[in-house]
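The chain contents come next:
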Amino acid sequence: MATVLSPDICVIGAGSAGLSVAAGAAAFGVPVVLIERGRMGGECLNTGCVPSKALIAAAKHAHAVRKAAEFGVIAGEPVIDFEKVQAHVRSVIDAIAPNDSVERFTAMGVKVIRADARFTDPDTVAAGGFTIRARRFVIATGSSPVIPPIPGLADIDYLTNETLFDLKSLPQHFVIIGAGPVGLEMAQAHRRLGATVTVVDAGRALAKEDPELAGIVLDRLRGEGIDIFEHSRVLSVERTATGHRLHCETQAGPVIIDGSALLVATGKRGNSSGLGLEDAGIAVMATGIAVDRSLRTQNRRVYAIGDVAGGLQFTHAGNYHASLVLREILFRLPARENRDIVPRATFTDPEIASVGLGEEEARARHGKVEVLRWSYADNDRAQAERSTAGLIKIIIGKRGKVLGAGIAGAGAAEMITMWSVLISNGQGLSHVRNAIVPYPTMTEIGKRAVIAYYTPLTRTPFVRAIIRLLRRFG
């Protein structure tokens, strides 16, 4: 007979979003049951953010060795030991894993069940010999790669982010379908580690990013020797003696690409199958579970957060979702998702990051807007680092309110935080104008753009007259 549990909250999925809910609720002494059928930490720790950034870090060191001569340091071509690179990746995962472990969450007071979870009715979940009747349920089951219906693809051994980090040797010719963040991050990393790399995408590379900023990144990737075919279709895939062959239709005509390894990076879909959602009265869309702005499903007792909700698929978005549902569940306070305040970043080199509205969306919503630009080439630290390829764009509304910001360049993912703070709090350029930033830093790039915005105001006749009076009587 199943053991009945009656916690305040039952969380299904122990990835970043689910763990955040469980930890936050446990901190307030709320009874929590956490169910996970796979590895604790989910995609982010095991097959996503953590291993990919560890691999990117290794590749960045290889690139730095090649570029050292520009700084007067003669190092030559680096020797890549791919097994040790992968050992580095695994060691980073192992170092972080205890933070997401069963032991840590059990010590917090969370009841962790390692099993499949399934709704048996709108108010009950069954998992591992337990029947859970919680006051609220939170589904945080993450996502899985979307595999496009390309003829022949199912007949070959292709890679996804779930299997990429199990490679034992560096591919000789690494072919990637998909020129989004995952595809291009892994393209550049493997290229810098010594592979020949080709990327194919049916649309525009970095399609969600500002074209002007994306162009800066793409120029660098192509300059490093990565072939990128945009607006190109993969018609079919077949196995060869040395790997696989892609038959493609590109803007220049038919192209055949022979590769030794193939990565499919064409997006993700929320993991909603096998949960018994139909028995719980929960609707599912093509991208994931249907939710409203408060992240509630059609079953008012059940929330869906993170990737499975089918919207923003970032670890930090999942953590944001967790904070919203905790606010509603624990404190009965209304909480609504605002996607305009969630930043995004792609960790290529140069990085590209943005928050808020882009140019087109800002004009559609607000009519007349101003766009401020400042180049990395005009920044002293960027010159010292030889990182002058880059640009910041700031979208400004009435009275200097910051509507959006985008950065392509070194450190963009770190620098976007300041603009995220401004947009989250509805603040304007005056908050940046009044700030003092250290010299020499790349943060000055944004400050210089803001100063340029205010400079024309000092040229108006009225302001010039005020300045003359102040000088005369001051």
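Because the structure is a prediction, the values reported are computed rather than measured. (Residues numbered from 1 in each chain as written. Predicted model: local features only at pLDDT ≥ 70, side-chain atom pairs only at ≥ 80, totals over all residues. Heavy atoms only, no water.)

Positionally, H63 belongs in helix α3 (residues 49-67). When neighbours within four sequence positions are excluded, H63 is seen to be in contact with R192, E224 and D349. (Helix = DSSP H or I, 4+ residues; strand = E, 2+ residues; numbered from the N terminus. Contact = heavy atoms within 4.5 Å.)

Take the pairing of strand β23 (residues 402-409) next. Most of β23 is tucked away: eight of the eight residues are buried. Pairing geometry for strand β20 (residues 351-356) and β23, over six bridges, is antiparallel. Its bridge partner being in β23, A353 is matched across the sheet by I407. Pairing of strand β22 (residues 391-396) with β23 involves six bridges; the strand directions are antiparallel. Note that in β23 the partner of I396 across the bridge is V402. Counting the residues in the hairpin turn of β22 and β23 gives five residues, including R399, whose phi is positive at 55 degrees. (Buried < 20%, exposed > 50% of the residue type's maximum accessible area, 1.4 Å probe, protein only. Pairing = 2+ DSSP bridges.)

Its 19 residues place the ends of α3 26 Å apart at the C-alpha level, agreeing with the 27 Å of an ideal helix rising 1.5 Å per residue. Listed in full, the buried residues belonging to α3 are V50, P51, S52, A54, L55, I56, A58, A59, A62 and H63. As for α3, its buried residues are in contact with α2 (42-46), α4 (82-96) and α6 (181-192). (Expected span 1.5 Å × (residues − 1).)

So, about a nonpolar patch on the surface. A cluster of nonpolar side chains, namely F28, F331 and L333, defines an oily patch on the protein surface of about 320 Å² accessible area. Owing to a relative accessible area of 41%, L333 belongs among the partly exposed residues under this scheme. (Patch = residues over 30% accessible without salt bridge, like charges linked within 9 Å, V, L, I, M, F, W, Y side chains within 5 Å. Areas by Shrake-Rupley, 256 points an atom, 1.4 Å probe, with all protein chains shown as cover. Salt bridge = Lys/Arg side-chain N within 4 Å of Asp/Glu carboxyl O.)

Interhelical geometry of α6 versus helix α7 (residues 211-223) gives an angle of 30 degrees and a closest axis separation of 10 Å. Classified by the angle between their axes, α6 and α7 sit roughly parallel to one another. Here the hand of the crossing between α6 and α7 comes out left-handed. Contact residues: L184, Q188 and R192 in α6; L218, R220 and L221 in α7. Grouping the constituent residues of the contact of α6 with α7 by class yields three nonpolar, one polar and two charged. (Axes fitted to C-alpha atoms, helices over the stretch in contact; angles between N-to-C directions. Parallel < 35°, antiparallel > 145°, perpendicular 65-115°, else oblique. Left-handed = near helix turned anticlockwise from the far one by under 90°. Nonpolar A, V, L, I, M, F, W, Y, C, P; charged D, E, K, R; others polar.)

Within strand β11 (residues 196-200), four of the five residues are buried, which leaves the element mostly enclosed by the surrounding structure. For the segment spanning strand β10 (residues 173-177), α6 and β11, crossover handedness is right-handed. As paired elements, β11 and strand β12 (residues 227-229) share three bridges and run parallel to each other. Pairing of V200 across the sheet is with F229, part of β12. On the question of chirality, the crossover connecting β11 to the parallel β12 by way of α7 is right-handed. (Right-handed = clockwise from strand over helix to strand, strands pointing away.)

The next point concerns the packing of aromatic side chains. This model, assessed by the stated rule, comprises three aromatic pairs. Taking the centre distance of 5.3 Å and the plane angle of 65 degrees together, the rings of F119 and F137 count as edge-to-face. Remark: F137 occurs in strand β8 (residues 136-139) and F119 occurs in strand β5 (residues 118-121); sequence separation between them is 18 residues. Comparing F119 with F137, the two get one shared label, buried. Taking the centre distance of 5.1 Å and the plane angle of 85 degrees together, the rings of Y453 and Y454 count as edge-to-face. Between R386 and the ring centre of F71, over which it is positioned, the NZ or CZ distance is 5.9 Å. Against the face of Y454 rests R433, its NZ or CZ located 4.6 Å from the ring centre. (Phe/Tyr/Trp six-rings, centres within 6.5 Å; stacked < 30°, edge-to-face > 60°. Lys NZ or Arg CZ within 6 Å of the ring centre and 35° of its normal.)

For D100, the position within the fold is in the loop between α4 and α5 (102-108). Buried and unpaired, D100 has no salt bridge, with R104 as the nearest side chain of opposite charge at 5.3 Å. (Lys, Arg positive; Asp, Glu negative; His and termini not counted.)

This part covers the environment of A97. Within the element layout of this structure, A97 appears in the loop between α4 and α5. In the structure, A97 is positioned 51 residues away from N46 in sequence and 8.7 Å away in space, judged by C-alpha atoms.

So, about the sheet that holds strand β13 (residues 233-240). If you walk across this open sheet you meet the three strands as β13-β14-β15, and the pairing is antiparallel. Since the sheet does not close on itself, it has two edges, and those belong to β13 and β15 (253-259), each with one partner. Each strand of the sheet is rotated relative to its neighbour by a mean of 20 degrees, with strand direction disregarded. In this structure, β13 lies alongside strand β14 (residues 243-250), joined through seven bridges in antiparallel fashion. Along β14, the bridge assignment pairs T240 with G243.

Let us now look at the nonpolar core. Generally speaking, nonpolar side chains in soluble globular proteins are found buried as a group. Core analysis: the biggest nonpolar cluster contains 59 residues, and I9, V21, L34, I305, I394, W419 and L429 have the highest contact counts within it. Take this core: its biggest share by element is eight residues, from helix α9 (residues 315-331). Residues in contact with I305, not counting those within four places in the same chain, are A17, V21, V138, I139, A140, L295, G318, H321, A322 and V325. Of all hydrophobic cores here, the second largest spans 42 residues; its members include L164, I176, V199 and L391. (Core = buried A, V, L, I, M, F, W, Y, C linked by side-chain atoms within 4.5 Å.)

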